[in-house]
Amino acid sequence: MIYNSFSFLVCFPLLFVLYYAIPARYGRLRNLYLLLVSYLLYLHWKPVYALVLLGVTVVTYLSALALGRCHRRRRVLAIGVLLSLLPLVFFKYFDFLNESIAGGLSLLGIEVGLPGLNWAIPVGISFFTFQALGYLCDVYYRRIDAERDFGTYALFVSFFPSIMSGPINKASLVIPQLKALRPYFDYDKAVVGLRLLLWGMFLKVVVADRVALYVDTVLPSYMNYTGLSCLAASLMFTVQIYADFAGYSLMALGVGKVLGFDLTENFRRPYFAVSVTDFWHRWHISLSTWLKDYVYIPLGGSRCSRARNYWNIFVTFLVSGVWHGANWTFIVWGCIHGLCQIVEKMLGQQQCRYGWLGRGVKIMVTFMIVNFAWIFFRMPSLGDACRVVGRIFDPSLPLSVFSPGGTAAFYMAIGLTVLVVKEAVEEFAGARWLPFNSRSRAVRWLSYMAVTVMILLCGVLGSDQFIYANF
Amino acid sequence: MKRYIIKILIFFLLLVLIDRGVGYMLSYMSDHARGGYIGHHNYIVNDSRDDVLVFGSSRAIHHYNTPMMQDSLGLTCYNCGQDGEGIVLFYAWWQLISQRYHPQLVIYEVTPGYDLMAGDSNRLSGWLKGLYDREPVQRICDDIDPTERYKMMSLLYRYNSKFHQILIDYFHPVHTMDRGFLPVDSELDPLAVKTDDQQAAAAARQVMLDSLKLSYFDAMLDGAGDTRFVFVCSPSWYGTQDPELAALKSLATRHGVPVLDYSASPAYVHQDRYFYDGYHLNARGADRFTRTLIADLRRLHLVAPK
């Protein structure tokens, strides 16, 4: 479901009313309703791909049950993981693997290649597959018991607020909420949910989609722009991807809370991180937790030799890169993050012990490293990414910056100013100083109203898709 | 739950009050703009009585020297060009203008990306939303997106991304156009020219026409009345012709409308002194092109001096 669309504004109140029309004592009926809604929304996108969702659900459900009954647990886990990953590999990585293998063989003079698949990737496949795999691993490691009720488990995998772009929820967080007899209506949670929805919408339409106009003008035609313009566009992309993804995550959390659920927090002001390691404690937290729990720690984590630990970090971020997409650009992006964290660990620079000035410098340095890596994330090929970097450092190019025009710059400035001030206040003073959390009702309501008016007056209201929906 | 719903209703009630209050204020300021883009639009839609009108995107604004045309042709001319806009906006404007009068000639500068091709993210022009109360505009907005009728209930939505321009044009207009013409006095920026690879990629693109846009051209020409139309493709530095133009040329033939295609004219191709980027003429190029156009309009007897 695209949260910034008109259909969401129409559908959500309806879903909300129907959900709360079911009395709290019929918890299973409420779950059944949510499952039905989740599948209907998924079917609305491309009906046949709901079979992929169902397939991954059935495979992990049965594998988890088998883990409880079978002695060859490792083998069951391996089969479950492989079968669950099959659709992901097929839809997302087939073309990439095919082209890479054919390219490698052609270097050896062997011309072999299968025809490529020009199929759409099932929406949210990386998210629901990883969520289901996380559950399977938790059952394997005996952190949780296998869920016997298929309906509850299917709802956990397909829960509509988070299926498209996460967060990747842990079964231990969501399944108990689904099974418990929830209160009929949690007022405080629902209020927080609407605040998250409002702020998420602001991030998406006022900030992300506005700066996207600049990014999408400059970066696809980077050869026609100066190095400074490319740098400005890369900085804008850094803002765009945060506002876009955090906006989606907040809206997913908000919808969950309005319905009475707590989902995993996904962002904690990542651009105030003092190191790349710290960045990953604040960025896409549900994915970094997943990678830590199911890749890094099983590899040995930090309880091993230094060299092995560095290798574990590198592999973890390589997997992160591969997860993001079937392109060498994502792999390089993951490697940059992995290598930076290894260097930080070697130099003992994961935390900041230098006071305010040092913290400021470390935040700036981390921001620039992350920004540099985003160039690889954004560009369609490694060659393009390297050429953009080359232009940024090319002293022969004019020192001018492409201006989007006074009006566009004005709207960009509004969104960016509000975002930076809000994030800085929350980071350095605390969330209680934010107008949304003020003790004064007048201040709170004024801030809600101001944000809504800004969305209507300054937002890019074209229902643009979220970046992470492509993953 | 009851308290929650009551608070949501109060919030929306307050929002409606603010929406109406701010919306009416912006509507008033837009209607009374002293100049700039908003004043330019108000003139086109409400006041123009010119003999010759020029429609088209930024290539129209910067390429057609309407004061020169006015002097040479002995007819009043006005450049209605608007950055990044195509047939959707100009069809709506044409509907509104033709309710008042029929100009002698409409010169339509064709830019395939905005006028013919599918996948245009700005299909529904933001400039139209402020005119939603006018009947033809409502119909066009509904054609493009049936949900617009509900979105337009919000006055703030109608002025989305425009309020800054409205404030400027009401209090202190900045843009000064001469009969709608906005010349650009700068030399060609070599960076702003597409590379050979980029040109090859653009030439190899799949032709995807927007049937709604073509239907608006049809409707505009069907309702031309006494007005003569001419489609023009002004020069580009590249000298390439867009494949989408074939569809427009066949439509023009069907309606007996002449097409003047200068896109590959050797007088301009790769002539750095006439352009400020690959697609836009500078002031010198605009002057030369306008002189050529005037001569061709006379040769084809498309204008009859008063």
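Up top is the structure.
One structure accompanies this document, and this report is about it. In this text the structure is predicted, and so the values were computed from the model without any measurement.

Overview of the overall build of chain B
Part 1 of the argument: Scanning chain B from terminus to terminus reveals 15 helices and five strands.
Part 2 of the argument: Taken over the C-alpha trace, chain B has a radius of gyration of 21 Å; the compact-globule value for 306 residues is 19 Å, and the two agree within 12%.
Part 3 of the argument: Taking the principal axes of its C-alpha atoms as reference, chain B extends roughly 75 × 50 × 40 Å.
Part 4 of the argument: When the 306 residues of chain B are sorted by exposure, 56% land in the buried category.
Part 5 of the argument: Within chain B, contacts between residues at least 6 apart in sequence are counted, and of these 81% link residues at least 24 apart.
Part 6 of the argument: Of the accessible surface of chain B, which amounts to about 13,200 Å², a share of 55% is contributed by carbon and sulfur atoms.
Part 7 of the argument: Averaged over its 30 positive side-chain charges, chain B has a centre that lies 5 Å from the centre of its 35 negative ones.

Remarks on the pattern of salt bridges
Residue and element names in this part refer to chain A.
Part 1 of the argument: Evaluation of the coordinates by the stated rule reveals 29 salt bridges over all chains.
Part 2 of the argument: Residue Asp 149 pairs with Arg 28 through a salt bridge whose shortest N-O separation is 3.3 Å. One end of the pair, Asp 149, is in the loop between helix H5 (125–140) and helix H6 (150–158); the other, Arg 28, is in helix H2 (residues 27–45), and 121 residues separate them in sequence.
Part 3 of the argument: Here Arg 282 makes a salt bridge to Asp 278, at a shortest N to O gap of 3.3 Å. Of the two residues, Arg 282 and Asp 278 are both situated in helix H11 (residues 276–282); the distance of four residues between them amounts to about one turn of the helix.
Part 4 of the argument: For Arg 282, a relative accessible area of 11% translates into the label buried.
Part 5 of the argument: Classification of Asp 278 as buried rests on a relative accessible area of 12%.
Part 6 of the argument: In this structure, a network of salt bridges that share partners links the residues Arg 269, Asp 278, Arg 282, Arg 359, Lys 422, Glu 423, Glu 426 and Glu 427.

With respect to the packing of H6 of chain A against helix H8 (residues 171–179) of chain A
All names here are of chain A.
Part 1 of the argument: Contact geometry of H6 with H8 gives a least axis separation of 10 Å together with a crossing angle of 130°. Looking at the two axes, H6 sits oblique to H8. The interaxial crossing formed by H6 with H8 has right-handed handedness. In contact with Thr 152, Tyr 153, Leu 155 and Phe 156 of H6, H8 contributes Ala 171, Val 174, Ile 175, Leu 178 and Lys 179.

Topic: a nonpolar patch on the surface
Residues and elements named next belong to chain A.
Part 1 of the argument: A cluster of nonpolar side chains, namely Val 48, Leu 51, Leu 54, Val 58, Leu 62 and Phe 150, defines an oily patch on the protein surface of about 490 Å² accessible area.
Part 2 of the argument: A total of four residues in the nonpolar patch trace back to one element, the largest contributor, which is helix H3 (residues 50–69).
Part 3 of the argument: Within the secondary structure, Leu 62 sits in helix H3.
Part 4 of the argument: Given a relative accessible area of 48%, Leu 62 falls into the partly exposed group.

Remarks on unusual backbone geometry
Part 1 of the argument: If you check the backbone angles, His 284 of chain A has positive phi at about 40° while not being a glycine.
Part 2 of the argument: Tracing the backbone through its elements, the reader meets His 284 of chain A in the loop between H11 and helix H12 (285–299).
Part 3 of the argument: In the Ramachandran plot, Arg 179 of chain B falls in the positive-phi region, its phi being about 55° despite a non-glycine side chain.
Part 4 of the argument: With respect to the helices and strands, Arg 179 of chain B occurs in the loop between helix H11 (163–171) and helix H12 (196–203).

Here we look at the interface of chain A and chain B
Part 1 of the argument: Each partner contributes to the interface: chain A provides 36 residues, whereas chain B provides 31 residues.
Part 2 of the argument: Across the interface of chain A and chain B, roughly 2,800 Å² is buried in total on both sides, 72% from carbon and sulfur atoms.
Part 3 of the argument: Remark: the boundary between chain A and chain B carries zero salt bridges.
Part 4 of the argument: Counting across the chain A and chain B interface gives 11 residue pairs in polar contact (both at pLDDT 80 or more).
Part 5 of the argument: For the side of chain A that touches chain B, the secondary structure elements donating two or more residues are helix H1 (6–21), helix H9 (187–218), helix H17 (406–428) and helix H18 (441–458) of chain A.

Concerning the sheet that holds strand S4 (residues 228–233) of chain B
All names here are of chain B.
Part 1 of the argument: Pairing is parallel in the open sheet, where five strands are placed in the order S2-S1-S3-S4-S5. Because the sheet does not close on itself, it has two edges, and the strands there are strand S2 (77–79) and strand S5 (259–261). Each neighbouring strand pair of the sheet contributes to a mean axis angle of 20°, computed without reference to strand direction.
Part 2 of the argument: Across five bridges, strand S3 (residues 105–109) lies against S4 in parallel orientation. Across the sheet, the residue bridging to Val 106 is Phe 229, located in S4.
Part 3 of the argument: Where helix H5 (residues 87–100) meets the sheet, it contacts strand S1 (52–55), S3 and S4, and its direction lies at approximately 155° from that of S1.
Part 4 of the argument: Seen against the sheet, helix H13 (residues 211–222) touches S3 and S4 and runs at an angle of roughly 145° to S4.

With respect to H6 of chain A
Residue and element names in this part refer to chain A.
Part 1 of the argument: Counting buried residues in H6 gives seven out of nine residues, a clear majority hidden from the surface.
Part 2 of the argument: Among the residues of H6, Thr 152, Tyr 153, Ala 154, Leu 155, Phe 156, Val 157 and Ser 158 are the ones counted as buried.
Part 3 of the argument: Buried residues along H6 sit against H2, H3, H5, helix H7 (160–163) and H8.
Part 4 of the argument: The N-capping residue of H6, defined by a side-chain oxygen 3.2 Å from the backbone nitrogen of Gly 151, is Asp 149.

Things to note about the side chain of Asp 50 of chain B
Part 1 of the argument: Summarising the element assignment, Asp 50 of chain B is placed in the loop between helix H2 (36–47) and S1.
Part 2 of the argument: With sequence-adjacent residues up to four places away left out, Asp 50 of chain B is seen in contact with Tyr 43, Thr 76, Cys 77, Tyr 78, Tyr 101, Pro 103 and Arg 179 of chain B.

Observations regarding the environment of Leu 212 of chain B
Residues and elements named next belong to chain B.
Part 1 of the argument: Residue placement: Leu 212 occurs in helix H13.
Part 2 of the argument: Among the residues examined, Leu 212 registers a relative accessible area of 16% and is labelled buried.
Part 3 of the argument: Between the C-alpha atom of Leu 212 and that of Ala 118, which follows or precedes it by 94 residues, the distance is 9.1 Å.

Notes on the packing of aromatic side chains
Part 1 of the argument: This structure, assessed with the given rule, holds 82 aromatic pairs over all chains.
Part 2 of the argument: Arranged with centres 5.9 Å apart and planes meeting at 90°, the rings of Phe 90 of chain B and Tyr 108 of chain B form a pair that is edge-to-face. Placement of the pair is Phe 90 of chain B in helix H5 and Tyr 108 of chain B in strand S3, with a sequence separation of 18 residues.
Part 3 of the argument: In this structure, Lys 92 of chain A is placed above the aromatic ring of Trp 323 of chain A, and the distance from its NZ or CZ to the ring centre is 5.5 Å.
Part 4 of the argument: Above the face of the Tyr 268 of chain B ring, Arg 288 of chain B is positioned so that its terminal group lies 5.5 Å from the ring centre.

Observations concerning a positive patch on the surface
All names here are of chain B.
Part 1 of the argument: A grouping of Arg 273, Arg 284, Arg 288 and Arg 291 is seen on the molecular surface, where their side chains present a positively charged patch.
Part 2 of the argument: Structurally, Arg 284 is set in helix H15 (residues 283–299).
Part 3 of the argument: On the basis of relative accessibility, which here comes to 45%, the residue Arg 284 falls in the partly exposed class.

About the cut-offs
- Residues numbered from 1 in each chain as written.
- Chains lettered and ligands numbered in written order.
- Predicted model: local features only at pLDDT ≥ 70, side-chain atom pairs only at ≥ 80, totals over all residues.
- Heavy atoms only, no water.
- Helix = DSSP H or I, 4+ residues; strand = E, 2+ residues; numbered from the N terminus.
- Rg over C-alpha atoms; globule rule 2.2 N^0.38 Å.
- Buried < 20%, exposed > 50% of the residue type's maximum accessible area, 1.4 Å probe, protein only.
- Contact = heavy atoms within 4.5 Å.
- Areas by Shrake-Rupley, 256 points an atom, 1.4 Å probe, with all protein chains shown as cover.
- Lys, Arg positive; Asp, Glu negative; His and termini not counted.
- Charge placed at Lys NZ, Arg CZ, Asp CG, Glu CD.
- Salt bridge = Lys/Arg side-chain N within 4 Å of Asp/Glu carboxyl O.
- Axes fitted to C-alpha atoms, helices over the stretch in contact; angles between N-to-C directions.
- Parallel < 35°, antiparallel > 145°, perpendicular 65-115°, else oblique.
- Left-handed = near helix turned anticlockwise from the far one by under 90°.
- Patch = residues over 30% accessible without salt bridge, like charges linked within 9 Å, V, L, I, M, F, W, Y side chains within 5 Å.
- Buried area = accessible area lost by both parts, 1.4 Å probe.
- Polar contact = N/O pair within 3.5 Å; in protein donor to acceptor, adjacent residues only side chain to side chain.
- Pairing = 2+ DSSP bridges.
- Phe/Tyr/Trp six-rings, centres within 6.5 Å; stacked < 30°, edge-to-face > 60°.
- Lys NZ or Arg CZ within 6 Å of the ring centre and 35° of its normal.

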